[in-house]
Amino acid sequence: MNQWRNLGAPSIQLPTLPSLHSHLSRSSGTTENFAIECRNLSYSIATRHGKLRPILNDCSLSIPSGQLWMLLGPNGSGKSTLLKVGNILAGLLNPNGGFLRVKKPRSFVFQNPDHQVVMPTVKDDVAFGLSRFNLTLEEIRSRVEKSLDAVGMYDYLQRPVQTLSGGQKQRVAIAGALAEACKVLLLDELTTFLDENDQVGVIEAVKSTLANSNDITALWVTHRLEELKYADVAVYMEDGKVVMNGDASSIMDFVKARQAVYIEQINSY
Ligand SMILES: Nc1ncnc2c1ncn2[C@@H]1O[C@H](COP(=O)(O)OP(=O)(O)OP(=O)(O)O)[C@@H](O)[C@H]1O
């Protein structure tokens, strides 16, 4: 059973920060317009020596519905962990403090395309998660077709999944989430194993899905600076913290400046 299809876990409201929560409600009137909202979120793991090791430290983000946000940062900065905490469903991870709300239904799509598809054909794969809803065959067919159309994979309806490229598998996985009426897509480095064509195909599929829906939101983890131009907002993380968020060009400048400092340090040794 692939986990990305599990939907419907409750939003969590963590026990701390009552004053901050009431401040949010007061200042914005409502927080309902945010698809993902976290405030001062922390997550630690217990080490073998019984100590707590912080992985996420005081992270705050408010992502409005309908937007594509990208999460960048060096290896180990906590990007995937933040996404997994946002996925809370199936008890994947439990944060230790802060406030988190993620709109439902939400789906998590993983890095490796071969872990996304489970059924023999494209249409069966997209229909797979719909069996637990009380839908007629006609409704299932309509949802499968519409969601494949949304990611540009309608013509592949009958194709055996093993004949698809990595990027096409990722798009089928996203179609599966859309068929289940997913409102939040949590996308973890989907383009890592893809060639340039597939990379562009996947990100453009996500972008056009959001543009045509208005209320689907995506949080996209990436290492690729060239993908930033698709983002409404980009977030840079370091050492488990959100260091900065802003438009693509300001984050690009920031990352390049960070890289320049790093290279200078290496060269000075
Ligand atoms: N279950 C775990 N047990 C121990 N350490 C963990 C666990 N999960 C994450 N970590 C550590 O937390 C830190 C953040 O990991 P995470 O995978 O979130 O980083 P990332 O920014 O997504 O990295 P990358 O870009 O390499 O994928 C890393 O140092 C990682 O080793």
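Below is a short write-up of the structure. (Residues numbered from 1 in each chain as written. Predicted model: local features only at pLDDT ≥ 70, side-chain atom pairs only at ≥ 80, totals over all residues.)

**Considerations on the pairing of strand S5 (residues 106-109)**
Each regular strand carries side chains that alternate between the two faces of the sheet. The alternating pattern of S5 places Arg106 and Phe108 and Ser107 and Val109 on opposite faces, both of which are buried. Two strands pair when backbone bridges link them, and S5 and strand S6 (residues 184-188) are joined in this way by four bridges, in the parallel orientation. Along S6, the bridge assignment pairs Ser107 with Leu185. (Buried ≥ 20, exposed ≤ 12 C-beta atoms within 10 Å, placed from the backbone. Helix = DSSP H or I, 4+ residues; strand = E, 2+ residues; numbered from the N terminus. Pairing = 2+ DSSP bridges.)

**A short note on the site of the ligand**
Close to the ligand lie Ile45, Ile55, Gly73, Asn75, Gly76, Ser77, Gly78, Lys79, Ser80 and Thr81, which account for all nearby residues. By residue number, the principal contributor to the shell around the ligand is helix H2 (residues 79-86), which donates three residues. Residue composition of the shell around the ligand, by class: two nonpolar, seven polar and one charged. (Near = placed C-beta within 6 Å. Nonpolar A, V, L, I, M, F, W, Y, C, P; charged D, E, K, R; others polar.)

**Examining helix H6 (residues 196-213)**
Under the 1.5 Å per step criterion, the end-to-end length of H6 is 26 Å for 18 residues, consistent within 8% with the ideal 26 Å. Packed against the buried residues of H6 are strand S3 (68-72), helix H4 (137-150), helix H5 (166-179), S6 and strand S7 (217-221). Asn214 occupies a position one or two residues after H6 and carries a positive phi of about 75°. (Expected span 1.5 Å × (residues − 1). Contact = placed C-beta atoms within 7 Å.)

**Some thoughts on the sheet that holds S3**
A sheet is described by the order of its strands in space; here six strands give the open sequence S5-S6-S7-S3-S8-S9, paired in mixed fashion. Two strands in the sheet have a free side with no partner beyond their single neighbour: S5 and strand S9 (241-246). Strand after strand, the sheet turns through a mean of 20° between neighbouring axes, direction not considered. Of the strand pairs in this sheet, S6 and S7 are connected by five bridges, and their pairing is parallel. Pairing of Leu185 across the sheet is with Ala218, part of S7. In the packing of H2 onto the sheet, contacts are made with S3, S6, S7 and strand S8 (233-238), and the angle to S7 comes to roughly 150°. (Axes fitted to C-alpha atoms, helices over the stretch in contact; angles between N-to-C directions.)

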